[in-house]
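A structural walkthrough
As a plain string of letters, each chain reads:
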There are 2 protein chains.
Amino acid sequence: MHPDFQLWASERLALIETCLEKHLPATNCAPARLHDAMRYSVLGGGKRVRPLLAFASGELSGADQAHVTVAGAAVELIHAYSLVHDDLPCMDNDTLRRGKPTCHIKYDEPTALLVGDSLQSLAFQLLTEIRLTDDPSVQLEMIRHLAFAAGSRGMAGGQAIDLDSVGKILNLPELEFMHIHKTGALIRAAVTLGARCGNKLSETQFKQLDHFSKCMGLAFQVIDDILDAEATTTALGKTAGKDAENNKPTYVSILGIKQARELAQELRQEATGVLGQFGTGALRLQQVTDFIVQREF
Amino acid sequence: MHPDFQLWASERLALIETCLEKHLPATNCAPARLHDAMRYSVLGGGKRVRPLLAFASGELSGADQAHVTVAGAAVELIHAYSLVHDDLPCMDNDTLRRGKPTCHIKYDEPTALLVGDSLQSLAFQLLTEIRLTDDPSVQLEMIRHLAFAAGSRGMAGGQAIDLDSVGKILNLPELEFMHIHKTGALIRAAVTLGARCGNKLSETQFKQLDHFSKCMGLAFQVIDDILDAEATTTALGKTAGKDAENNKPTYVSILGIKQARELAQELRQEATGVLGQFGTGALRLQQVTDFIVQREF
């Protein structure tokens with residue numbers, strides 16, 4: 001990782017952590033155990049890839065950093081809720097997340113269910129806490145985008161397709177369709193919400209940015225599949241090898257490791273190509289892209 | 001029920017049903033099974049008490065009926081999601097709802113989890129679909145109110161307190177605290193969102209209306225507890241006698257039937273007293289109140 005990027009990212013991770021810490025209800029506020037479990041599930045872990053993407057696209061559009069922090073934190077809350085629910089026994093039944101016991105292991109199943117539900121509500125609440133744009137109707141658009149991305153035609157829908165695909169043989173377009181929903185929708189939302197906090201982009205540029213984030217979302221998932229197949233549980237902080245064990249179709253199971261790596265590079269190149277049109281303003285987006293494709297956890 | 005109220009209510013129930021029907025994704029849209037399960041869990045059932053309250057308070061504030069329809073439908077989506085999750089095996093483990101098998105029985109547990117998650121997202125999406133107020137920042141306030149009411153310091157928090165109270169002896173203030181969150185928060189949100197769609201009320205009037213809805217929310221729950229103890233499963237469309245079976249503290253277990261009935265009447269009188277200050281504009285709110293307190297299912 002470029003040292004300059006490392007500094008940029010760590011400063012922004014601190015902003016996100018402070019924002020999440022501030023807006024998650026305190027543990028001395030009733031119901032205390034639920035709030036404790038919400039904080040456990042969100043704070044002190046995670047790569048925060050989505051907020052970093054929001055910051056990077058916010059720089060492109062000249063957004064106020066304080067506004068992007070709130071937007072990025074809201075997207076992260078949706079992501080955190082999805083992990084808590086995905087880990088439940090009726091879903092992936094996982095016991096390890098971010099190097100710690102999953103929420104339903106540390107607390108219990110009903111609490112984990114309510115943690116996820118409450119984090120989703122909090123995400124939308126957060127998007128209304130302060131004025132994020134000069135025009136409040138743009139802020140309504142941002143909420144709309146995040147709600148759509150989180151819902152049945154976005155992330156939750158992708159999860160349903162994923163569950164339905166267990167034990168099935170998917171072709172590449174089917175796998176792509178699943179991941180455009182499951183991972184891609186929220187990554188696109190992060191990029192869009194970050195950019196919407198600013199005002200320097202045309203609608204054409206927003207479309208290009210969305211094309212970039214589609215490529216990014218898929219690249220992210222390809223790498224995720226490779227890491228699940230190759231990395232250790234310790235390195236990942238979550239159980240490795242789960243996809244094969246659960247008989248889930250992945251980029252690795254369909255393409256093999258070598259071709260999956262090639263695909264990740266192709267997607268990275270396509271994403272980089274789109275960014276080229278934005279000139280130097282897209283430096284951070286390029287660095288986050290590189291970080292995502294090169295990551296080892 | 002007054003025939004005039006019956007007509008008023010049935011017209012508005014039809015509006016809500018049409019709105020929900022329109023905004024729930026079609027079953028020919030992927031993922032089809034998830035969308036089928038979402039429609040199964042929302043359409044064609046339920047008393048729609050919250051939307052009726054929204055319509056009644058919208059009349060008080062001079063709101064456009066089309067706007068209140070959207071706001072009321074959003075609140076109903078939150079309510080519907082909470083029922084699907086509450087019925088899950090790790091929560092109340094119920095098999096019957098609105099006279100039909102619960103979502104996880106009809107479909108499966110992971111689908112029911114995703115149905116609830118997706119309905120919550122859809123509720124917030126719906127609140128951004130059309131302009132509900134002249135001033136979009138008021139619409140942001142409405143979203144904020146609903147998110148807070150649904151979350152850990154509202155409905156989901158009340159559910160956590162409820163789970164934690166199983167087998168415990170609560171006193172009346174503790175029971176009230178639980179229900180102000182579990183049922184009350186969303187009922188208050190329905191009244192507030194309906195009223196916010198219009199513009200005829202002062203902040204003092206909003207506060208009075210909120211006091212009304214607090215009383216209403218508690219009265220609703222007292223009646224719910226009485227019905228759970230006294231009515232049949234067939235009449236309720238959901239399993240009767242669950243509270244006693246699950247060793248849950250209720251108004252009936254703490255006060256007994258007779259005193260619980262008296263409390264419901266007291267709350268109704270207090271609610272009616274508040275409405276008196278609004279004159280004839282509060283006619284529908286009074287009728288919905290009577291309907292809620294007199295209902296037998």
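As a starting point, this report considers the structure included with it. This one's a predicted model, so the numbers in the text were calculated from it and none came from an experiment. (Residues numbered from 1 in each chain as written. Chains lettered and ligands numbered in written order. Predicted model: local features only at pLDDT ≥ 70, side-chain atom pairs only at ≥ 80, totals over all residues.)

Some points on the overall build of chain A
Scanning chain A from terminus to terminus reveals 14 helices and 2 strands. On C-alpha atoms alone, chain A measures out to a radius of gyration of 18 Å, which is about the 19 Å that the 2.2 N^0.38 rule sets for 297 residues. Reported as C-alpha extents along the three principal axes, the dimensions of chain A are approximately 50 × 45 × 35 Å. The buried share of chain A, reckoned over its 297 residues, is 53%. Sequence separation of 24 or more characterises 73% of the internal contacts of chain A that already satisfy a separation of 6 or more. (Helix = DSSP H or I, 4+ residues; strand = E, 2+ residues; numbered from the N terminus. Rg over C-alpha atoms; globule rule 2.2 N^0.38 Å. Buried ≥ 20, exposed ≤ 12 C-beta atoms within 10 Å, placed from the backbone. Contact = placed C-beta atoms within 7 Å.)

A short note on the relation of the copies chain B and chain A
Superposition record for chain B on chain A: RMSD 0.0 Å, screw rotation 180°, translation along axis 0.0 Å. On the angle and the small slide along the axis, the relation comes out as a two-fold axis. Taking C-alpha positions as reference, the residue of chain B nearest the rotation axis is B:Pro136, located at 2.9 Å. Looking at chain B, 100% of its interface residues are interface residues in chain A too, so the copies touch through the same face. (Least-squares fit on C-alpha atoms with pLDDT ≥ 70 in both.)

Re the interface of chain B and chain A
Contact residues are listed per partner, giving 42 residues for chain B and 42 residues for chain A. Among the elements of the structure, helix 2 (32-42), helix 6 (109-126), helix 7 (136-150) and helix 8 (155-165) of chain B are those that each provide at least two residues to the side of chain B that touches chain A. Top contributing element to the side of chain B that touches chain A by residue count: helix 6 of chain B, with 12 residues. Each residue belonging to the side of chain B that touches chain A can be placed in one class, and the counts come to 22 nonpolar, 14 polar and 6 charged. (Nonpolar A, V, L, I, M, F, W, Y, C, P; charged D, E, K, R; others polar.)

Honestly, it's all geometry; don't read function into it.
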